[in-house]
Amino acid sequence: QVQLVESGGGLVQAGGSLRLSCAASGRTFSSYYVGWFRQAPGKEREFVAFINWSSSSSTYGDRVKGRFTISRDNAKNTVYLQMNSLIPEDTAVYYCAARLRGGVLVPTTPAEYDVWGQGTQVTVSS
């Protein structure tokens, strides 16, 4: 099984940028799809972005489309989330999640993922 650790969160002003990293350990990281989710206090966990094992396909949630970019480097066992033009509504704990590839083409719900990191806090001030 893969273990995931997120990093790169912090406090940023509206209009600024952050890059989150998801570092993986374990066997055959390239066998996994990877997604990013976020959760604000009292809210449901929200889909942010998805990337497949080969980086040939990616998908974004409507609220971040055009502002966030997901990428992965399988040689480094790392997935990234570049966040630009941040707004206060982006404030949340951000989670990296992994799913064994195959079965679901584009998983966009938390139940479709097998492994989760501990989360990293992102706060956007106005």
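Structure: above.
Residues numbered from 1 in each chain as written. Predicted model: local features only at pLDDT ≥ 70, side-chain atom pairs only at ≥ 80, totals over all residues. Heavy atoms only, no water.

Below, the discussion takes up the environment of Gln-1. By the element assignment, Gln-1 lies in the segment before strand E1 (3-7). Using a relative accessible area of 58% as the deciding quantity, one classes Gln-1 as exposed. In this structure the C-alpha to C-alpha distance between Gln-1 and Phe-29, which are 28 residues apart in sequence, comes to 9.1 Å. (Helix = DSSP H or I, 4+ residues; strand = E, 2+ residues; numbered from the N terminus. Buried < 20%, exposed > 50% of the residue type's maximum accessible area, 1.4 Å probe, protein only.)

As enumerated under the stated definition, the model contains one disulfide in all. At a sulfur-sulfur separation of 2.1 Å, the disulfide partner of Cys-22 is Cys-96. Disulfide Cys-22-Cys-96: torsion about the S-S bond near -80°, hence left-handed. Placement of the pair is Cys-22 in strand E3 (residues 18-25) and Cys-96 in strand E9 (residues 92-100), with a sequence separation of 74 residues. No difference in accessibility class separates Cys-22 from Cys-96, as the two residues are buried. (Disulfide = S-S within 2.5 Å.)

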